[in-house]
Amino acid sequence: MLAQDPSLIDFHVIDGDSTDDTLDVVRRMAPSVDLLSEPDTGVYDGINKGIARSTGRFFLVLGAGDVLRPGIIAKLADRLAAAPPHSIVYGNVHWVSLNRIYDGFFTKRKLTLRCICHQAMFIDRSLVDRFGPYDLRYPVAADWHFNIRCFADPRVQTQYVDEIIADYEGGGISDTVHDTRFQADLTELIRASFGTPYFLLLMLHRAWRRVRGIRLRGIQRRLRRMTARIAGSAPQS
């Protein structure tokens, strides 16, 4: 963030009442930044607080280990200023832990199966007024829920830019924790938002993943039996 043009950003740090040296690091590196440190109920509670404190037209969310590409705000400033009301402008991230670029242009079909990385999204604050803040019922996938609702609304304008917006560290809760409530609600959310064809797509995708998992477990069992037989027949030294 400190490598961006300061005249173009409204920068807030939201901390969940850290007890390590996080606050000292922030104050040393960015002494004038708006810093809030207090207990929260999860990541999206903190994000909602940051959105409420911000004043710019668009917001973008970064995690503690994520890094905006130098100069990216200035590079996209004219496009953001020209975007129509109720817009989402998004690009790609470099997913550091996987060493890959994620994930190009999104359609309803693609969003049915996976989410845009919020580190790549500039979201018009008016959409929070329209749809409400991130839903705290979904501790891991509240952004996916929000994005589906946006893509389903014809009044929302989405624009893809073929740029790497940020380096996404990976390894956070979205990679390591299963959002059981969201996955349970996703099928009806897709049916209501995108329609029956996308609901069927999701069901087929889930069935395929279950079959693949069964096949992989079967292969693993056979490999374990083969390994045990080989170990049992090996001469003892």
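Use the structure listed above.
Residues numbered from 1 in each chain as written. Predicted model: local features only at pLDDT ≥ 70, side-chain atom pairs only at ≥ 80, totals over all residues. Heavy atoms only, no water.

Colleague: Give me the overall build of the protein chain: which residues, what numbers.
Modeller: Helices and strands together make up the secondary structure of the protein chain, namely 9 helices and 8 strands. With respect to the principal axes defined by its C-alpha atoms, the protein chain has extents near 75 × 50 × 35 Å. Of all 237 residues assigned to the protein chain, the portion counted as buried reaches 39%. In the protein chain, 72% of the contacts between residues at least 6 apart in sequence involve partners at least 24 apart. Accessible area of the protein chain: about 13,600 Å², with a carbon and sulfur share of 55%. Averaging the coordinates of the 31 positive side-chain charges in the protein chain and doing the same for the 27 negative ones gives two points 15 Å apart. (Helix = DSSP H or I, 4+ residues; strand = E, 2+ residues; numbered from the N terminus. Buried < 20%, exposed > 50% of the residue type's maximum accessible area, 1.4 Å probe, protein only. Contact = heavy atoms within 4.5 Å. Areas by Shrake-Rupley, 256 points an atom, 1.4 Å probe, with all protein chains shown as cover. Lys, Arg positive; Asp, Glu negative; His and termini not counted. Charge placed at Lys NZ, Arg CZ, Asp CG, Glu CD.)

Colleague: If you had to explain the side chain of D143 to someone new, which residues and values would you point to?
Modeller: Along the polypeptide, D143 turns up in helix α6 (residues 142-152). Salt bridges are absent for the buried D143, whose nearest opposite-charge side chain, R149, sits at 12 Å. Polar contacts involving the side chain of D143 include one to the side chain of Y44, which spans 2.8 Å. Beyond its immediate chain neighbours, meaning those up to four positions away, D143 contacts Y44, C115, I116, H118 and Y134. (Salt bridge = Lys/Arg side-chain N within 4 Å of Asp/Glu carboxyl O. Polar contact = N/O pair within 3.5 Å; in protein donor to acceptor, adjacent residues only side chain to side chain.)

Colleague: An account of helix α8 (residues 180-194) is requested, with residue identities and associated values reported.
Modeller: In an α-helix, one full turn covers 3.6 residues, which means residues spaced three or four apart are oriented alike. Under the 1.5 Å per step criterion, the end-to-end length of α8 is 21 Å for 15 residues, consistent within 8% with the ideal 21 Å. In α8, a bend of some 45° at L186 exceeds every other bend along the element. Among the residues of α8, those classed as buried are F182, L186, T187, L189, I190 and F194. (Expected span 1.5 Å × (residues − 1). Bend = angle between axes of the 7 residues up to and from the residue.)

Colleague: If you had to explain the pairing of strand β1 (residues 12-15) to someone new, which residues and values would you point to?
Modeller: The two faces of β1 differ: V13 and D15 on one face are buried, but H12 and I14 on the other face are not. Sheet topology places β1 next to strand β2 (residues 34-37); 4 bridges connect them, and they run parallel. Paired with V13 across the strands is L35, a residue of β2. (Pairing = 2+ DSSP bridges.)

Colleague: Tell me what's going on with the environment of K49, and back it up with residues and numbers.
Modeller: For K49, the location among the structural elements is in helix α2 (residues 43-53). The spacing of K49 and K108 is 59 residues in sequence and 29 Å in space, taken between C-alpha atoms. Other than its neighbours up to four places away in sequence, K49 contacts I14, L36, E38, P39 and D40. A distance of 2.8 Å separates polar atoms of two side chains, one belonging to K49 and the other to E38.

Colleague: Could you give an account of the packing of aromatic side chains, with specific residues and numbers?
Modeller: This structure, assessed with the given rule, holds 13 aromatic pairs. Grouped by ring-pair contacts, the aromatic residues Y90, W95, Y102, F105, F106, F151, Y160 and Y168 constitute a single cluster. Its guanidinium or amino end placed over the ring of F199, R191 lies 3.8 Å from that ring's centre, counting from NZ or CZ. (Phe/Tyr/Trp six-rings, centres within 6.5 Å; stacked < 30°, edge-to-face > 60°. Lys NZ or Arg CZ within 6 Å of the ring centre and 35° of its normal.)

Colleague: Just give me the short version of the nonpolar core, but keep the residues and values in it.
Modeller: Counting 50 residues, the largest nonpolar core has Y134 and I148 as its most contacted members. If one sorts the elements of this core by residue count, α6 sits on top with 6 residues. Dropping the residues within four chain positions of it, Y134 is found in contact with Y44, I47, N48, I51, F59, I123, A142, D143 and F146. (Core = buried A, V, L, I, M, F, W, Y, C linked by side-chain atoms within 4.5 Å.)

Colleague: Can you lay out the state of the cysteines for me, pointing to particular residues and giving the numbers?
Modeller: Cysteine pairs can be covalently joined through their sulfur atoms, and such a bond is termed a disulfide. The tally for this structure, following the rule as stated, stands at 0 disulfides. Summary of cysteine pairing: C150 is not part of a disulfide, and the nearest cysteine sulfur, belonging to C115, is at 10 Å. Given a relative accessible area of 1%, C150 falls into the buried group. (Disulfide = S-S within 2.5 Å.)

Colleague: Describe the environment of A82, naming the residues involved and giving the relevant values.
Modeller: Counting through the fold element by element, A82 comes out in helix α3 (residues 72-82). Take A82: its relative accessible area is 63%, and that puts it in the exposed class. As for A82 and G71, which are separated by 11 residues in sequence, their C-alpha atoms are 18 Å apart.

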